[in-house]
Amino acid sequence: MTIVRIVAVLTAASGLLAAVIAMSTASVMRGSGAMRMWLTAWPILDAVALVATFERRSPIWGRIVSRGRPRSPAIALTFDDGPTEPYTSQILDVLRAFDARATFFVLGLRAAAAPAALTRAVADGHELGNHTWDHAALPLATPRVIRGTIRRTSDLVERVTGVRPRVFRAPFGWRNPWVDRVAHGEGCQPIAWTIGVHDTDRPGAGVIERRVTERLHDGAIVLLHDGRSLDDHPDASQVVEALPGIVREARRRGLRLLTVSELLAEGGRQRSSPSNRREPCGE
Ligand SMILES: [Zn+2]
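Cut-offs used in this document
Residues numbered from 1 in each chain as written. Predicted model: local features only at pLDDT ≥ 70, side-chain atom pairs only at ≥ 80, totals over all residues. Helix = DSSP H or I, 4+ residues; strand = E, 2+ residues; numbered from the N terminus. Rg over C-alpha atoms; globule rule 2.2 N^0.38 Å. Buried ≥ 20, exposed ≤ 12 C-beta atoms within 10 Å, placed from the backbone. Contact = placed C-beta atoms within 7 Å. Axes fitted to C-alpha atoms, helices over the stretch in contact; angles between N-to-C directions. Left-handed = near helix turned anticlockwise from the far one by under 90°. Nonpolar A, V, L, I, M, F, W, Y, C, P; charged D, E, K, R; others polar. Core = buried A, V, L, I, M, F, W, Y, C linked by C-beta atoms within 7 Å. Domains from an automatic or database assignment. Expected span 1.5 Å × (residues − 1). Pairing = 2+ DSSP bridges. Right-handed = clockwise from strand over helix to strand, strands pointing away.

Counting its regular elements, the protein chain contains 11 helices and 8 strands. Computed over the C-alpha atoms, the radius of gyration of the protein chain is 21 Å, within 12% of the 19 Å expected from 2.2 N^0.38 for a compact globule of 283 residues. In terms of its C-alpha atoms, the protein chain occupies a principal-axis envelope of roughly 75 × 40 × 35 Å. Burial analysis of the protein chain (283 residues in total) assigns 43% to the buried set. The long-range share in the protein chain, meaning contacts at least 24 apart out of those at least 6 apart in sequence, stands at 76%.

So, in structure tokens, the structure goes:
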């Protein structure tokens, strides 16, 4: 299990670090002071490392954006793990019917198999974000591996659409000390999310719609999926079914539907002109 391995490595590393701290200060301590310090420092360092790695909004491994301006009457719908047909095209159909914008955090591997969905998404004014090549968890990855998976995906998206992703989302939202720095180096702002509704568990379209609309608020970044990691046969039909209700409710509340980059560029403006709403971003 990936998560067990990550926790074990972080726990061992924090224990080692605590030992180094205890040994380096042992000379100024008497008796069992160094051991006591090690036993105290280990769980503290371990807890910090676990929060930094698994809490998607934690700033410990680097600043992460999980929402837009709280007073901006707009939200960003995001769809991860695709493109996966027919769901991505069905989502694009719904968004087109409502003249709404969204962001697709694509997997390079999936994008290579469905390039038409990418070109259509860009043509329709949506944003393409980078979600790594193969959805491999990043906490134990080296900077070189992280750079490789991000760059390979961005290269593919740019080759297919002419547009290079400017936003990045780590698989599962899990990071390590290098993820944010490497993503920035590849021209991508790391993005988390405000509202996640466990839509990949397929709880029912009505439940997905209710979970999103109950928590909708200004500046929210909503996480949904048009795929499921590297599952070859994901079923995102419930998301497709829930989407019209979500968009309708957002509009009813006066919330515009923007891409992530548009949402972050709001700059505190309360309203933007209709012409601004049409601008694609991510070039
Ligand atoms: Zn994902």
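This paragraph deals with the packing of helix H8 (residues 205-215) against helix H9 (residues 237-252). Axis separation between H8 and H9 bottoms out at 8 Å; the angle between their running directions is 35°. With respect to the hand of their crossing, H8 and H9 are arranged in right-handed fashion. Contacts between H8 and H9 involve Ala205, Ile208, Glu209, Val212 and Thr213 from the former and Gln238, Val239, Glu241, Ala242, Gly245, Ile246 and Glu249 from the latter. Along the lines of polarity and charge, the residues of the contact of H8 with H9 split into 6 nonpolar, 3 polar and 3 charged.

Counting residues in each nonpolar core, the largest one holds 60 residues, and the members touching the most others are Ile75, Ala76, Val106, Leu118, Val222 and Leu257. Looking at which element gives the most residues to this core, the answer is H9, with 7 residues. In this view, Val222 contacts Ile75, Ala76, Leu77, Thr78, Trp193, Ile195 and Val212; residues no more than four positions away in its chain are not counted.

Along its sequence, the protein chain is organised into domain 1 (2-54) and domain 2 (74-266). Placing a centre on the C-alpha atoms of domain 1 and another on those of domain 2 gives a separation of 36 Å. Tallying contributions element by element places helix H1 (residues 2-25) first for the side of domain 1 that touches domain 2, with 3 residues. Partitioned by chemical class, the residues of the side of domain 1 that touches domain 2 number 3 nonpolar, 2 polar and no charged.

For the bond running from Gly82 to Pro83, omega is 0°, close enough to zero to count as cis. The step from Glu85 to Pro86 runs through a cis peptide bond, and the omega angle for that step is 10°. Within the secondary structure, Pro86 sits in the loop between strand E1 (74-80) and helix H3 (87-97). Despite not being glycine, Asp81 has its phi angle at roughly 80°, a positive value. With respect to the helices and strands, Asp81 occurs in the loop between E1 and H3. Owing to 24 C-beta atoms within 10 Å, Asp81 belongs among the buried residues under this scheme.

Our next topic: H1. Along an α-helix, residues three or four apart share an orientation, since each turn contains 3.6 residues. Relative to the 34 Å expected for 24 residues at 1.5 Å per residue, H1 spans 35 Å between its end C-alpha atoms, a close match to the ideal helical length. Looking at the buried side of H1, the elements it contacts are helix H2 (33-54).

The topology assignment puts Ala205 in helix H8. A sequence separation of 33 residues divides Ala205 from Phe172, and the C-alpha atoms of the two residues are 22 Å apart.

By the alternation rule, side chains of strand E2 (residues 103-106) split into Thr103 and Phe105 and Phe104 and Val106, which are all buried. Here E1 runs beside E2; their pairing, made up of 3 bridges, is parallel. What sits directly across from Phe79, in E2, is Phe104. Running through H3, the crossover from E1 to the neighbouring parallel element E2 is right-handed.

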